[in-house]
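Residues per chain, in single letters:
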Amino acid sequence: KAGVTQTPRYLIKTRGQQVTLSCSPISGHRSVSWYQQTPGQGLQFLFEYFSETQRNKGNFPGRFSGRQFSNSRSEMNVSTLELGDSALYLCASSPVRGSPEAFFGQGTRLTVV
Amino acid sequence: LAKTTQPISMDSYEGQEVNITCSHNNIATNDYITWYQQFPSQGPRFIIQGYKTKVTNEVASLFIPADRKSSTLSLPRVSLSDTAVYYCLVVASGTYKYIFGTGTRLKVLA
C-alpha cells in the first residue's frame, strides 16, 4: 500500500511569489491535514480537509489556503511568500476524522529567499 | 484544547528502558492520547495511542493514570536507532484537531 506522497520534496521561491504544494493521501483515506514545521515553532496545525470541505483551520493568516479534490488529494497554497514561511510542510492522512493514527508524508521543504 | 508539556530532551544508553512523561492538564473526557516519533527530514510516525490505563504494542507501552492529566511513553531496551524526537499529542474529540507539543529529543548513546 503506497504511503502519503507529497510533491515536490524541495522548493525554493522568492519573497512575494506564491506556491502550491500537493499531497496524495493513502488510498481510501478521506481526511487530510496539513502542518508547518519550523525549528522555532515546532509542528503547527494548518488545516484539515474531509470530503472536499475544510473542517478545521489553525492560527495562520489568510495567505495560507488549501483545497481537497474528490479523489481526496489535497493542495495547499501560500500567496505573497515571506521569509518566515520557510519551513517543512507536512501532510497527513487518516481514514476518518479524528483518527488517533495519522500517516504523514515526508514533507515539502520550502525555502523562501 | 489540551496543551501538552514534555521534557525538551533526554539522554539514554543502549539497552535501557526510557520513560517520557507528558502532561495534558486540560484533556477532555473523550480526547485520545497519542505518541509519534520523528526522525530528521521525515514526517512523524505513529507509535501508540490510548485512552486510559495501559496499552502495549510491539514497540512501546503507554501508561495513563486515572485522572488522565499525564501519560508516560515507555520504550523498552532502546537502541541507537531510537534516537529521534517523540511527540505527545491529544486528539481533541470535538474538533479533531491534532495539537503537537514541543516534543522530546531522545538521544541514545552507545
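Reference entry: report on the structure contained in this document. Since we're looking at a predicted model, the values are computed, not measured. (Residues numbered from 1 in each chain as written. Chains lettered and ligands numbered in written order. Predicted model: local features only at pLDDT ≥ 70, side-chain atom pairs only at ≥ 80, totals over all residues. Heavy atoms only, no water.)

1. Topic: the state of the cysteines
Where two cysteines share a covalent bond between their sulfur atoms, that bond is called a disulfide.
Residue and element names in this part refer to chain B.
Point 1. Scanning the model with the defined rule gives two disulfides over all chains in all.
Point 2. Residue Cys22 pairs covalently with Cys88 via a disulfide, S to S 2.2 Å. Handedness of the Cys22-Cys88 disulfide follows from its S-S torsion of about -70 degrees: it is left-handed. Pair noted here: Cys22 is in strand 2 (residues 18-23) and Cys88 is in strand 8 (residues 84-91), with a separation of 66 residues, a long-range link.
Point 3. In this structure Cys22 comes out as buried when scored by relative accessible area, which is 0%.
Point 4. Look at Cys88 and you get buried, because its relative accessible area is 0%. (Disulfide = S-S within 2.5 Å. Helix = DSSP H or I, 4+ residues; strand = E, 2+ residues; numbered from the N terminus. Buried < 20%, exposed > 50% of the residue type's maximum accessible area, 1.4 Å probe, protein only.)

2. Observations regarding unusual backbone geometry
Apart from glycine, the bulk of residues carry a negative phi angle, and the bulk of peptide bonds sit in the trans form.
All names here are of chain A.
Point 1. Going from Thr7 to Pro8, the amide bond is cis rather than trans, its omega being -10 degrees.
Point 2. Structurally, the position occupied by Pro8 is in the loop between strand 1 (5-7) and strand 2 (10-13).
Point 3. Non-glycine residue Ser51 carries a positive phi angle of around 50 degrees.
Point 4. As for its position among the elements, Ser51 is in the loop between strand 5 (42-50) and strand 6 (53-57).
Point 5. With phi around 45 degrees, Thr80 is a residue other than glycine that occupies positive phi space.

3. Observations regarding the pairing of strand 5 of chain A
Point 1. Buried residues dominate strand 5 of chain A, accounting for eight of its nine residues.
Point 2. The turn linking strand 4 (residues 31-38) of chain A back onto strand 5 of chain A is made up of three residues. (Pairing = 2+ DSSP bridges.)

4. Topic: the interface of chain A and chain B
You'll often see interface size given as the accessible area lost when the parts meet.
Point 1. Each partner contributes to the interface: chain A provides 20 residues, whereas chain B provides 17 residues.
Point 2. Buried area between chain A and chain B, summed over both chains or domains, comes out near 1,600 Å², and the portion from carbon and sulfur atoms is 57%.
Point 3. Our count for the contact surface shared by chain A and chain B stands at five residue pairs in polar contact (both at pLDDT 80 or more).
Point 4. When residues of the side of chain A that touches chain B are traced back to their parent elements, those giving at least two are strand 4, strand 5, strand 6 and strand 9 (87-94) of chain A.
Point 5. Looking at the side of chain A that touches chain B residue by residue, the class counts come to seven nonpolar, seven polar and six charged. (Contact = heavy atoms within 4.5 Å. Buried area = accessible area lost by both parts, 1.4 Å probe. Polar contact = N/O pair within 3.5 Å; in protein donor to acceptor, adjacent residues only side chain to side chain. Nonpolar A, V, L, I, M, F, W, Y, C, P; charged D, E, K, R; others polar.)

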